[in-house]
Amino acid sequence: MPRLLAALLTVAVAALLAVGAALGVVALLDATPEQPNTPLITYETAGRER
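Conventions used here
Residues numbered from 1 in each chain as written. Predicted model: local features only at pLDDT ≥ 70, side-chain atom pairs only at ≥ 80, totals over all residues. Heavy atoms only, no water. Helix = DSSP H or I, 4+ residues; strand = E, 2+ residues; numbered from the N terminus. Rg over C-alpha atoms; globule rule 2.2 N^0.38 Å. Buried < 20%, exposed > 50% of the residue type's maximum accessible area, 1.4 Å probe, protein only.

Enquirer: Sorry, what's going on with the overall build of the protein chain here?
Expert: Secondary structure assignment for the protein chain yields one helix and zero strands. Relative to its length of 50 residues, the protein chain is extended, with a C-alpha radius of gyration of 26 Å against a globular reference of 10 Å. For the protein chain, the spread of C-alpha atoms along the three principal axes comes to 85 × 15 × 15 Å. Looking at the protein chain as a whole, 0% of its 50 residues are labelled buried.

Rendered as structure tokens:
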């Protein structure tokens with residue numbers, strides 16, 4: 001019985017650690033600022049009338 005209890009406790013702790021790590025990764029991804037969506041290259045259209 002003690003081995004079964006130790007195994008169940010190990011599984012529960014591992015599951016809690018996995019959930020905590022996943023939530024931490026999501027929190028870190030939400031904390032990074034959004035990058036501006038500016039194009040590196042812009043093309044001028046030739047012969048465009050204004």
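Having seen the model, we can carry on.
Enquirer: What is the right way to look at the environment of Ala6 in this model?
Expert: Looking at where Ala6 falls in the secondary structure, it is placed in helix 1 (residues 2-31). Exposure remark for Ala6: the relative accessible area of 39% places this residue in the partly exposed category. As for Ala6 and Glu44, which are separated by 38 residues in sequence, their C-alpha atoms are 69 Å apart.

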